[in-house]
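Chain by chain, the residues:
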Amino acid sequence: MKRRTLLAGVTTALGLGLAVGPALAQDKPKIGFVYVGPVNDGGWSQHHHEAAMAMKAHFGDAVEVVEQASVPEGADAERVLTQMALGGADLIFTTSFGYMEPTIDVAKKFPKVKFEHATGYKTAPNVGVYSARFYEGRAIEGFLAGHMTKSNKIGYIGSFPIPEVIRGINSSFIHAQKVNPDVEISVIWISTWFDPAKEADATQALLDQGVDVVLAHTDSTAPLAVLKEKGGLGFGQAADMYEYAPEPRISSIIDEWAPYYIKRVQAVIDGTWESDNTWDGIGAGMVGIGEITGPVPDDVKAEAMKMKDDIASGAYHPFTGPLNKQDGSPWLAEGEVADDGTLAGMNFYVQGITGSIPN
Amino acid sequence: MDFSSFNAALLIASLMVAATPVLLAAIGELVVERAGVLNLGVEGMMITGAICGFAVAVNTGSPMLGFVGAAAGSLVLSLLFALLTQLALANQVASGLSLTLFGLGLSSLIGQSYGGQKPPRAYRLDIPGISDIPFFGRAFLQHDMMVYVSLALVAGVWALLKYTRAGLILRAVGENHDAAHALGYKVITIRILAIAFGGACAGLGGAYLSLVRVPQWTDGMTAGAGWIALAIVVFASWKPWRALIGAYLFGGITVLQLNFQAAGVAVPVQLLSMSPYVITILVLVVISARSSGAGAAPASLGRLFHAGR
């Protein structure tokens, strides 16, 4: 925590220095990235960082990239964004849900600076949002989890009860239950995106409760490290995490941000950038499914790949009726498909999940 | 509520693992504070130990050497603190805080190439016949060696402080350094030794995180454990066995709340998540309310000593 303050202080100094002569560096666009965790977390933040580097490699000397890692969500984020904007950034990617309000606030103060916020839903003339349909990947993970669990108990480590995470839990459970009607899901909320010790403890607690397949919606590889040590199966999250293959990692959801970053930076260079609302999935290549490994039988593997293809082509939607909400009230009728509006604001569990969502 | 899925032996086993990093750091800091020095750099020393231990273990393939390396790395870092506060007479609070900042940055630097690597497995206790005793064996006798080392450290520190001349001198230095100096004891030397011991313990605690509990290296992975260790020293009113109780209570509630969530017990998650902290604060308040509680702080704690004065 203190290190962040220190780094932020250094950035302030740099920001002030650069603010004196922003006009001098107008020749090439300056692209900023803000991450919630360290760039070597092995997951979410590292993958954004790598995508940023891929974007930089694509443009070479034509762009300048500035990055700030381990920025806490909240007031600190606002300060960091302000400094980046003062430092002459033309486009700033804010890569965590909790940066939503800070991004909107800072964007108001700097109408000429463009912002792109990941996984949020608030836009402005100079704020676009982008996210991936992770729930499509979760459907495949849930399918595999339902097949592979022997105790009929799967676990889900949630960070914060936001729609993105709730969609993931619902999608995983629906598809686990489809292949295994007896399956139960245990959810643990740990109120952080990145805290390896907490993620490890949560994994251990799930194992102690009889869970044998763990899905994590946090940023580090700690859950897989614990599964490797103690037994059980899991998935790569945000990054392939192939270093834990073939077991315990049996597949993964891979975020593919680089093409989007390249496209949006190109738009800034061309002067055609406009606020957008991008929400792409497997079909558009924003969500990748890592190789299925380990003890997964070949027929299950083939079925999972077929599901992936169907989702990609649009033939299958992971939220297809009949589906009821947790309290038993009908949500989607037979064959009906969830609309994006409901999905974007999802704040309920589907029928069959026990426990309640913290509010 | 359904408690049938709770297995007490597994809970106790998880609790001991969750509590060990803070226990190790706390017992070290307890000795430092009993010598009258307040070192707020525990977090920085822990994370330095976490990466030093990880790097040594990965490169040598031996977890045992990893722990030795962790203790050595943090010890060296703590000597920096000793140099600042004991020889240069710098302010202890400021020096401790900067030690934390420095440790976090240094560990991040050393750890750059260690992300995503797997450490060798730590040696686990497995006594044929005994480790398999139902309940007792699973709960207490199947841990890695560091769990027992931490318990032995608590017992050792307790015995040292209570029964030995060295412990008496250490306490004298912490209670009244001028008097100890007048009696001819080398206040500065004793304090430097205490600081080094605290550093080594914090390093072991950090390495326990990166080698056993998580087990991997990631930036900032201690995530505040050092501050919890500092709180536990106060919680324990500077007594070794109470530090053990404090650490296990904190670890126990942490583990229990996660298990409650996993079992779907109908208690609001927010209450569960904050319970370890709330109970720590409550106990602190209760202890402080008693005359022997916070008043039990070593009288010279945090005060500078200069022999020439």
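Just so we're clear, the structure is a prediction, and the values are computed from it rather than from any experiment. (Residues numbered from 1 in each chain as written. Chains lettered and ligands numbered in written order. Predicted model: local features only at pLDDT ≥ 70, side-chain atom pairs only at ≥ 80, totals over all residues. Heavy atoms only, no water.)

Draft legend 1. Here's a closer look at the pattern of salt bridges. All names here are of chain A. Inspection of every chain in the model, using the stated rule, returns 12 salt bridges over all chains. The salt bridge involving glutamate 141 is made with arginine 138; its shortest N-O contact spans 3.0 Å. With glutamate 141 and arginine 138 both in helix α5 (residues 134–148) and 3 residues apart, this pair spans about one turn of that helix. With respect to class, glutamate 141 is no different from arginine 138; both count as buried. (Salt bridge = Lys/Arg side-chain N within 4 Å of Asp/Glu carboxyl O. Helix = DSSP H or I, 4+ residues; strand = E, 2+ residues; numbered from the N terminus. Buried < 20%, exposed > 50% of the residue type's maximum accessible area, 1.4 Å probe, protein only.)

Draft legend 2. Local environment of the interface of chain A and chain B. The partner chain B presents 35 residues to the 38 residues of chain A that form the contact. Both faces considered, chain A and chain B share a buried interface measuring about 3,100 Å² in area, 52% of it formed by carbon and sulfur atoms. On inspection of chain A and its partner chain B, the count reaches 2 salt bridges. One salt bridge in this structure joins B:Arg121 and A:Glu229, with 3.5 Å as the shortest N-O distance. At the surface where chain A touches chain B, the tally comes to 8 residue pairs in polar contact (both at pLDDT 80 or more). Among the secondary structure elements, those contributing two or more residues to the side of chain A that touches chain B are α1 (2–20), β7 (184–189), α7 (196–208) and α8 (222–230) of chain A. Among the elements that take part in the side of chain A that touches chain B, α7(A) stands out by supplying 10 residues, more than any other. A class-by-class count of the residues in the side of chain A that touches chain B yields 18 nonpolar, 8 polar and 12 charged. (Contact = heavy atoms within 4.5 Å. Buried area = accessible area lost by both parts, 1.4 Å probe. Polar contact = N/O pair within 3.5 Å; in protein donor to acceptor, adjacent residues only side chain to side chain. Nonpolar A, V, L, I, M, F, W, Y, C, P; charged D, E, K, R; others polar.)

Draft legend 3. Representation of the packing of helix α2 (residues 42–60) of chain B against helix α3 (residues 63–87) of chain B within the structure. All names here are of chain B. It is at 7 Å that the axes of α2 and α3 come closest, and there the two elements cross at 145 degrees. For the element pair α2 and α3, the recorded crossing hand is right-handed. Contact residues: α2 offers Gly44, Met45, Thr48, Gly49, Cys52, Gly53, Val56, Ala57 and Thr60, while α3 offers Pro63, Leu65, Gly66, Gly69, Ala70, Gly73, Ser74, Leu77 and Ser78. (Axes fitted to C-alpha atoms, helices over the stretch in contact; angles between N-to-C directions. Left-handed = near helix turned anticlockwise from the far one by under 90°.)

Draft legend 4. Summary view of the sheet that holds strand β5 (residues 127–132) of chain A. Residues and elements named next belong to chain A. With respect to topology, 6 strands assemble into an open sheet ordered β2-β1-β3-β4-β5-β11, the strand pairing being parallel. This sheet does not close on itself; its edge strands, each paired only once, are β2 (64–68) and β11 (277–280). Shown here is a sheet whose adjacent strand axes are inclined to one another by a mean of 15 degrees, direction ignored. Here strand β1 (residues 30–34) pairs with strand β3 (residues 91–94) via 4 bridges, running parallel. If you follow valine 34 over to β3, its bridge partner there is threonine 94. Here helix α2 (residues 44–59) sits on the sheet and contacts β1, β2 and β5; the angle it forms with β2, its principal contact strand, is near 170 degrees. Relative to the sheet, helix α3 (residues 75–86) contacts β1, β2 and β3, its axis offset from that of β1 by approximately 170 degrees. (Pairing = 2+ DSSP bridges.)

Draft legend 5. Spotlight on the domain arrangement of chain A. Residues and elements named next belong to chain A. Per the domain assignment, the segments of chain A are domain 1 (2–132) and domain 2 (134–254 + 286–344). Distance between the C-alpha centres of domain 1 and domain 2: 30 Å. Contacts between the two partners involve 14 residues from domain 1, matched on the other side by 16 residues from domain 2. The junction of domain 1 with domain 2 conceals about 1,300 Å² of combined surface from both sides, 68% of it contributed by carbon and sulfur atoms. The interface formed by domain 1 and domain 2 contains 0 salt bridges. With 3 residues, the top contributor of residues to the side of domain 1 that touches domain 2 is α2. Per-class residue counts for the side of domain 1 that touches domain 2 are 5 nonpolar, 7 polar and 2 charged. (Domains from an automatic or database assignment.)

Draft legend 6. Highlighting the confidence of the model for chain A. Taken residue by residue, chain A gives an average pLDDT of 88. The fraction at 70 or more is 93%. Note that residues 10–25 of chain A has pLDDT below 50 and, in this model, 9 contacts with residues that lie over four places away or in other chains. (pLDDT = per-residue confidence, 0-100.)

Draft legend 7. Expanded view of the packing of aromatic side chains. Residue and element names in this part refer to chain A. As enumerated under the stated definition, the model contains 21 aromatic pairs over all chains in all. Ring geometry for phenylalanine 33 against phenylalanine 93: centres 4.9 Å apart, planes inclined by 10 degrees, an arrangement best described as stacked. Here the residue phenylalanine 33 occupies a position in strand β1, and phenylalanine 93 occupies one in strand β3, the gap between them amounting to 60 residues. For the pair phenylalanine 33 and phenylalanine 93, one class covers both residues: buried. Between tryptophan 44 and tryptophan 257, the ring centres sit 5.8 Å apart and the planes meet at 80 degrees, which makes this aromatic pair edge-to-face. Here tryptophan 44, found in helix α2, pairs with tryptophan 257, found in the loop between β10 (249–255) and α9 (258–270); they are 213 residues apart in sequence, far enough to count as distant. Judged by relative accessible area, which is 8%, tryptophan 44 ranks as buried. The exposure class of tryptophan 257 is buried, given its relative accessible area of 0%. Put simply, the rings of Phe33, Tyr35, Trp44, Phe93, Tyr130, Phe134, Trp257, Tyr260 and Tyr261 pair up and form one aromatic cluster. The ring of phenylalanine 348 has lysine 325 sitting right over it, with the charged end atom 4.5 Å from the ring centre. (Phe/Tyr/Trp six-rings, centres within 6.5 Å; stacked < 30°, edge-to-face > 60°. Lys NZ or Arg CZ within 6 Å of the ring centre and 35° of its normal.)

Draft legend 8. Looking closely at the pairing of β5(A). Residue and element names in this part refer to chain A. With respect to burial, β5 is a largely interior element, 6 of its 6 residues being buried. Residues Val127, Val129 and Ser131 line one face of β5 and the alternating positions Gly128, Tyr130 and Ala132 line the opposite face, and both faces are buried. Two elements, strand β4 (residues 114–118) and β5, share 4 bridges in a ladder whose sense is parallel. Across the sheet, residue alanine 118 finds its bridge partner in β5, namely tyrosine 130. Relative to β11, β5 runs parallel, the two being bridged by 4 bridges. Its bridge partner lying in β11, tyrosine 130 is registered against threonine 278.

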